[in-house]
Amino acid sequence: MYGIEFGFCHMAFLNDLSYHLSKKETDPVQIMEKTLGTIREKNPDYYAFIHVDEDLMIQKALESRKRREAGKALSEWDGIPIGIKDNILRKGEVAECASRILAGFRSPYNATVIEKLEQSGMIPVGRTNMDEFAMGSSTENSALGITRNGVDKEYAPGGSSGGSAVAVATGMLPVALGSDTGGSIRQPASFNGVVGLKPTYGSVSRYGLVAFASSLDQIGPFAKTVEDVQIIYNIISGYDPRDTTSVQPELKVKMESGLRKFPPENMKIAIPENLLENVSPEVKKSFFQVVDFLEEEILENKIDRIRMNASELSTPVYYITATSEASANLARFDGIRYGKRENGDSLVSLYENSRTKGFGKEVKRRILLGTYALSSGYYDAYYGKAQKVRAMIHREYMEIFRKYDAVLMPVAPDVPFKLGEKIHDPVSMYLADVLTTGASLAGIPALSVPGPAERLPIGVQIQGTFFAEDSLFALGKIIEKKFSAG
Ligand code: GLN
């Protein structure tokens, strides 16, 4: 919709909207009406949105129009809508994390990212569907209904941020926010043929993001182009004293001063060959088409095949770490402090009833796994050991980044699977996270960009060291220019 109406060209989507707004060829209310119209038309088929407060959206668009008319636009993006995942709090709006336990919960405050978007005049729209509490890779764990892949409705959209990815892929919105704990932005971006960024841990505030696994969670953007992901990243990132894991400005400056700065043509790239062993032929073909292009036309003699031994263990380490943290984080949903209360004849049965009725199967499985891994007799064997291997994975990446500027690999070992195909086999779903969990455990940024695809979308993943987002964007734009249709 945006493309046709507003002269969309594939390198400058938000820029186009902003240009037409500044020329008064459109205005925020017109954009919002079209956005809501497209959502009304397409959402019944895809179920990307759980909820949209249309009146509020129109009111926000009217306010933006007023600012623009008075020459007081808050930024060039004033009036542009952006989709929001259901685990990012927005004051007064429902925030259910696609869970029954939070049914009807309204947030008393704004997440920092929402504040930042609003300070730039952007309009957060709706609540996008997700796996319950962001646990999953297909959005089928939502308590509210399944989302369908934006390219082929028979297929899973990926997850857990499937709603945000599909909203962008189907043109309901130009951009959306998701969260990524072990791949939940990159994998749905890959499955829907859009761009997604998991930023450096600590670069985007987690204040107001409902915690799944606090040492891994990061909020990040989805868009149709790298340029638009970059624009949103620049708006939402920055130090926030309300998030204790937010990277302090002095530390950020120090980390950035160590970054090599040169054109992307001079980058040195590593490809971890051993991690690609179980990648499907279809994904391999697409990935190596990208590698061959880079090697032949851009980065001659600058791409090496390497081994990443510690990273082979990233999936088990991730699943022990993430479930352990989740079991602690989700303890607050007990029907007293948070969560829908189901009464019982004692305090314990009240807890039991609330949690039994409130949580879905996957969330319960993870709470059990995490509680087990943290229990006193098993702590050293599971959680303790996982943390040691996590440190090894981190060191392995740091060692690589001494010599290389980026690590390149596919996002997922296979193309999207059919809806229902994996939902009864959680372990096979977990194993498919093999290529995304490493960057999460190391805390480094990773960008998913569409690669060439014959049938279903395939994403190429570019990982870099802390705060190397700009290099990832630069390389991502080269890949996008060559392989994106449009
Ligand atoms: N698929 C992974 C999981 O199920 C990642 C989820 C996420 O990043 N939120 O835990």
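Thresholds applied
Residues numbered from 1 in each chain as written. Predicted model: local features only at pLDDT ≥ 70, side-chain atom pairs only at ≥ 80, totals over all residues. Heavy atoms only, no water. Near = heavy atom within 4 Å. Polar contact = N/O pair within 3.5 Å; in protein donor to acceptor, adjacent residues only side chain to side chain. Areas by Shrake-Rupley, 256 points an atom, 1.4 Å probe, with all protein chains shown as cover. Nonpolar A, V, L, I, M, F, W, Y, C, P; charged D, E, K, R; others polar. Helix = DSSP H or I, 4+ residues; strand = E, 2+ residues; numbered from the N terminus. Phe/Tyr/Trp six-rings, centres within 6.5 Å; stacked < 30°, edge-to-face > 60°. Buried < 20%, exposed > 50% of the residue type's maximum accessible area, 1.4 Å probe, protein only. Lys NZ or Arg CZ within 6 Å of the ring centre and 35° of its normal.

A. The arrangement of the site of the ligand in detail. Of all residues adjacent to the ligand, which total 15 residues, the nearest are Ser 137, Thr 181, Gly 182, Ser 184 and Tyr 318. One of the backbone nitrogen or oxygen atoms of Ala 134 is found 2.8 Å away from a nitrogen atom of the ligand. A distance of 2.7 Å separates an oxygen atom of the ligand from a polar atom in the backbone of Thr 181. Contact with the protein chains covers 99% of the free accessible surface of the ligand, which is 290 Å². Looking at the shell around the ligand, its residues break down into five nonpolar, seven polar and three charged.

B. Spatial organisation of the environment of His 20. Mapped onto the fold, His 20 is located in helix α2 (residues 13-22). Residues His 20 and Ile 235 lie 215 residues apart in sequence; the distance between their C-alpha atoms is 20 Å.

C. Focus on the packing of aromatic side chains. This model, assessed by the stated rule, comprises 16 aromatic pairs. An angle of 80° between the planes, with centres 5.7 Å apart, marks the rings of Phe 191 and Phe 417 as edge-to-face. On the criterion of sequence distance, the pair formed by Phe 191 in helix α7 (residues 186-192) and Phe 417 in the loop between β9 (406-410) and α15 (426-431) is long-range, its members being 226 residues apart. Given a relative accessible area of 2%, Phe 191 falls into the buried group. Residue class for Phe 417 comes out buried when judged on its relative accessible area of 7%. Pairing Phe 333 with Tyr 338 gives two aromatic rings, centres 6.0 Å apart and planes at 55°, and the pair type is tilted. Taking the relative accessible area as the measure of exposure, Phe 333 reaches 4% and is therefore buried. With relative accessibility at 39%, the residue Tyr 338 sits in the partly exposed group. Joined through ring pairs, the aromatic side chains of Phe 105, Phe 133, Phe 333, Tyr 338 and Phe 359 make up one cluster. Above the plane of the ring of Tyr 46 lies Lys 153, whose end atom (NZ or CZ) is 5.4 Å from the centre.

Remember that the coordinates give geometry; whether it matters functionally is a separate question.
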